[in-house]
Amino acid sequence: MEVFLWECLVSLLPSVVFVLLSVALHWPTVRYWLGLLVRDAGWSLWIIMCLLLKLPLHRRSETLTKQVSSAGTDIWPHVSESPTLICKSTALASYLLQHCGSLTLPKLSPGWPTGDPHLQTLSSLLWGHKEDSVQFSRDHLLLSDGGIVALDWAVGTQTSEAFGRKRWDGRKEHHSGGKTLGCFSSTPPVLLLIPQVWGGMTLHLKALSRVALQQGFYVVVFHPRGTAGCPLTTARLTEFGDPADLEQAVAYIHSRHPSSVLLAVSEGSGSGILLSYLGECGSSSHLTAAAAISPVLLGQLWFEMDMPPLYHWGALFFRKQQLRRYASSFSEFLDVDRALNCSSLRDFEEILFCSSVQSQRSTAGPTTNLFTSAGVDPGLSSAPPSPQGLKPSVTRVLVERAYSANNWSDYWERNEPLREADEVAVPVLCICSHDDPILPPASTLPLNLFQNNPYFLLLMTDRGGHCGFTMEDQKEREGMEHEPSNWSHVTVLEYFKVVADFLKAEDAARWGSSMGEYSQVMQRTRSSPTDALRRRRATVMKRPRLQRLKQICTESENEHFTWKRSYTR
């Protein structure tokens, strides 16, 4: 009998423990301590995984604090929980601080696991929320040298059609009823997205596309030749800082939407193309403003740094996948086997684009057409015509890059993203994080550029990872299901709106001042209203008056710094 009772007790023990645990979980104190126990256990396990994977543990750095303080910057001269804006003291910077609330509010996720830099980075690049994923319609743009780039236009989501709008073809101009985001025209602005250098659409960019669609933007993603399924028709891949293809793509988008404001956002290493484009084009760019999320500002340093093995292997894997697709075609021009077997990003980049280490197997030109060898149909029905009348800058870049660089140093002389930073003529916001595991340390940032150039603004956060910037729990804080979960997305889109409002106000003030000067000139010319000869020569007097107006505008621009572009190219 005792044995039977003991067996019954043992068999009922799991159920009793489960019942007691369920009752205990109804007590707030027990739930609190149990949550701390699970959290600490998960944190300890994550530390062990980071040590095994050789992932650096984030430690708050004070190097940037010392650099900023020694330079005498008076805009948040220390690293804090709030983002830090480092820039030249200008009217635009003051306007942003007053009207862009995302620059100052500490909305980033504070702790582990959502605040961990590695988890933020991996979640933004590899996985995330897949509901309401954005659907795209692709256009192939035929370039002047026979190459092809892809433009993916966001047309809606799986559960809705562009959040209440009808499906839209990016090749047609669309007019809406009223003003959009404070911009200069009544048509929605076009947001151009530039992915990472290895190509493809990350969930980070898809989330930004979804938020931009919600706010009324037209969204288009630029894919360089040979990436994201874009056919490669020339024996030339896009170099890290080669803006020629992007310049033609921007010209094509502008020709399709001439009345829309054009804005651009780059993701990570995609900033190499965007910053090079802004420098090469100068004031002739069609962009009104630009932003770079976790940008690579110093390209050579990024390729030569010791990146954590996990991220280094991932970036190198995607780069090799692009080359492996066209291995048979490129085997005539370079040592493909050597490139596929190399173990570093620098060696891979050098083998591809530097003639000193390339295989001299063929005397064929580097822009030989690959329609036949790559198996691409030359009659692409969806390829729109290439823009006519290329600018001298595009022609110069195409001729210069028709041949490989002589060595590693020459390659970066023509591809460093900030090589023409002095020519940039549109506001550029760079969002960086101290704990970014993919980029060089914050102490290597070119702070002098942001402190002396009025067009560059650096927004530093203490945490955020690489393109992560996860916000605190929006559902608990605001009770809304479709709030953006990425702080950089909210900040970039709000930044574009504030910059558009600022430029509109500047343009109106400048126009009003010019009209006031013009009215004074008109009054002086009417000092003798009874002069019949002057009345008969009224048509002759119109030209000097217009010339005088232009001279007054020029003198006014030279007298005071304004945000109107000074055309340098």
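Residues numbered from 1 in each chain as written. Predicted model: local features only at pLDDT ≥ 70, side-chain atom pairs only at ≥ 80, totals over all residues. Heavy atoms only, no water.

Some points on the overall build of the protein chain
Consideration 1: The secondary structure content of the protein chain amounts to 20 helices and nine strands.
Consideration 2: In the protein chain, buried positions account for 49% of the 569 residues.
Consideration 3: Here the analysis covers contacts within the protein chain between residues at least 6 apart in sequence; of these, 78% occur between residues at least 24 apart.
Consideration 4: For the protein chain, the computed accessible surface area is about 27,400 Å², with 57% contributed by carbon and sulfur atoms. (Helix = DSSP H or I, 4+ residues; strand = E, 2+ residues; numbered from the N terminus. Buried < 20%, exposed > 50% of the residue type's maximum accessible area, 1.4 Å probe, protein only. Contact = heavy atoms within 4.5 Å. Areas by Shrake-Rupley, 256 points an atom, 1.4 Å probe, with all protein chains shown as cover.)

Focus: the nonpolar core
Consideration 1: Residues Ile-253, Leu-278, Val-428, Phe-456 and Leu-458 are the most contacted members of the largest nonpolar core, which totals 45 residues.
Consideration 2: When residues in this core are grouped by element, the largest group, six residues, is from helix 8 (residues 271–281).
Consideration 3: Contact partners of Val-428, with chain neighbours within four places excluded, come to Leu-275, Leu-278, Ala-290, Tyr-455, Phe-456, Leu-457 and Tyr-495.
Consideration 4: Ranked by size, the runner-up nonpolar core spans 42 residues in total, among them Leu-103, Leu-108, Phe-217 and Leu-429. (Core = buried A, V, L, I, M, F, W, Y, C linked by side-chain atoms within 4.5 Å.)

Here's the deal with empty space enclosed by the protein
Consideration 1: Using the criterion set out here, one finds three cavities of 30 Å³ or more in the structure.
Consideration 2: Here the largest cavity is characterised by a volume of approximately 90 Å³.
Consideration 3: In terms of lining, the largest cavity is formed by Val-197, Pro-224, Arg-225, Thr-227, Leu-237, Thr-238, Glu-239, Phe-240, Ile-273, Arg-319 and Gln-322.
Consideration 4: Within the lining of the largest cavity, the residues separate by chemical class into five nonpolar, three polar and three charged. (1 Å grid on protein atoms, 1.4 Å probe; cavity = no way out; pocket = protein on both sides within 12 Å on 5 of 7 lines; lining within 4 Å. Points joined across faces, edges and corners; volume = space filled by probe spheres on them. Nonpolar A, V, L, I, M, F, W, Y, C, P; charged D, E, K, R; others polar.)

Quick look at the sheet that holds strand 7 (residues 287–293)
Consideration 1: Read across the open sheet, the nine strands follow the order 1-9-8-7-6-4-5-3-2; overall the sheet is mixed. Here the strands that pair on one side only, and so sit at the sheet edges, are strand 1 (84–86) and strand 2 (134–142). Across the sheet, the mean angle separating the axes of adjacent strands is 20° when strand polarity is ignored.
Consideration 2: Bridge analysis of strand 4 (residues 190–194) against strand 6 (residues 262–267) gives five bridges, and the strand direction is parallel. From the neighbouring strand, Leu-193 faces strand 6, where its bridge partner is Val-265. (Pairing = 2+ DSSP bridges. Axes fitted to C-alpha atoms, helices over the stretch in contact; angles between N-to-C directions.)

A closer look at helix 5 (residues 117–125)
Consideration 1: When you tally the buried positions in helix 5, you get seven out of nine residues, the bulk of the element.
Consideration 2: If you check the start of helix 5, you find a side-chain oxygen 3.0 Å away from the backbone N of His-118, and it comes from Asp-116. (Polar contact = N/O pair within 3.5 Å; in protein donor to acceptor, adjacent residues only side chain to side chain.)

Quick notes on a nonpolar patch on the surface
Consideration 1: Taken together, the side chains of Leu-45, Ile-48, Met-49, Leu-52, Leu-53 and Leu-310 present a nonpolar region at the surface, about 560 Å² in accessible area.
Consideration 2: Relative to the helices and strands, Leu-310 is located in helix 10 (residues 309–325).
Consideration 3: Note on Leu-310: relative accessible area 31%, which makes it partly exposed. (Patch = residues over 30% accessible without salt bridge, like charges linked within 9 Å, V, L, I, M, F, W, Y side chains within 5 Å. Salt bridge = Lys/Arg side-chain N within 4 Å of Asp/Glu carboxyl O.)

A few points about the pairing of strand 5 (residues 218–223)
Consideration 1: Across the six residues of strand 5, six count as buried, placing the element largely inside the fold.
Consideration 2: Here strand 5 shows no split at all, with Tyr-218, Val-220 and Phe-222 on one side and Val-219, Val-221 and His-223 on the other all buried.
Consideration 3: In this structure, strand 3 (residues 148–157) lies alongside strand 5, joined through four bridges in antiparallel fashion. Note that in strand 5 the partner of Trp-153 across the bridge is Val-220.

Focus: the confidence of the model for the protein chain
Consideration 1: In the predicted model, the protein chain carries a mean pLDDT of 74, and the fraction of residues at 70 or more is 65%.
Consideration 2: Counting contacts from residues 60–80, a segment whose pLDDT is below 50, to residues more than four positions away or on other chains yields 39 contacts.
Consideration 3: A low-confidence stretch, residues 161–179 stays under pLDDT 50, and its non-local contacts, those more than four residues away or across chains, total 46 contacts. (pLDDT = per-residue confidence, 0-100.)

Structural notes on the pattern of salt bridges
When the charged atoms of two side chains lie near each other, side chains of opposite charge can form a pair.
Consideration 1: Counted under the stated rule, the structure contains eleven salt bridges.
Consideration 2: With a shortest N-O distance of 3.3 Å, Asp-501 and Lys-497 are connected by a salt bridge. Of this pair, Asp-501 and Lys-497 are both found in helix 18 (residues 487–525), four residues apart, which corresponds to roughly one turn of the helix.
Consideration 3: The network of salt bridges with common partners includes Asp-145, Arg-225, Arg-236, Asp-242 and Asp-245.

Quick word on the packing of aromatic side chains
The geometry of two aromatic rings is summed up by the distance between their centres and the angle between their planes.
Consideration 1: The full count for this structure, using the stated rule, is 16 aromatic pairs.
Consideration 2: On the numbers, 5.5 Å between centres and 85° between planes, the contact of Phe-240 with Phe-303 is edge-to-face. Of this pair, Phe-240 sits in the loop between strand 5 and helix 7 (244–256) while Phe-303 sits in helix 9 (residues 299–304), and the two are 63 residues apart along the sequence.
Consideration 3: Classification of Phe-240 by relative accessible area gives buried; the value is 1%. (Phe/Tyr/Trp six-rings, centres within 6.5 Å; stacked < 30°, edge-to-face > 60°.)

Structural notes on the pairing of strand 7
Consideration 1: Among the seven residues that make up strand 7, seven are buried, leaving the element largely enclosed by the rest of the structure.
Consideration 2: Here strand 6 runs beside strand 7; their pairing, made up of six bridges, is parallel. Counterpart to Ser-266 in the pairing with strand 7 is Ala-292.
Consideration 3: You can see the chain leave strand 6, run along helix 8 and come back into strand 7, and the turn it takes is right-handed.
Consideration 4: Sheet topology note: the strand 7/strand 8 (residues 428–433) ladder contains four bridges and is parallel. Along strand 8, the bridge assignment pairs Ala-290 with Val-428. (Right-handed = clockwise from strand over helix to strand, strands pointing away.)

Side note on helix 7
Consideration 1: Taking 1.5 Å of rise per residue, the 13 residues of helix 7 would be expected to cover 18 Å, and the 19 Å separating its terminal C-alpha atoms lies within 8% of that figure.
Consideration 2: Listing the buried residues of helix 7 in full gives Ala-244, Asp-245, Leu-246, Glu-247, Gln-248, Ala-249, Val-250, Tyr-252 and Ile-253. (Expected span 1.5 Å × (residues − 1).)

Section: the packing of helix 7 against helix 8
Consideration 1: One way to put it is that helix 7 packs onto helix 8 with a least axis distance of 9 Å and a crossing angle of 75°. The orientation of helix 7 with respect to helix 8, classified from their angle, is roughly perpendicular. Residues Leu-246, Glu-247 and Val-250 of helix 7 lie in contact with helix 8, whose contacting residues are Ile-273, Leu-274, Tyr-277 and Cys-281. (Parallel < 35°, antiparallel > 145°, perpendicular 65-115°, else oblique.)

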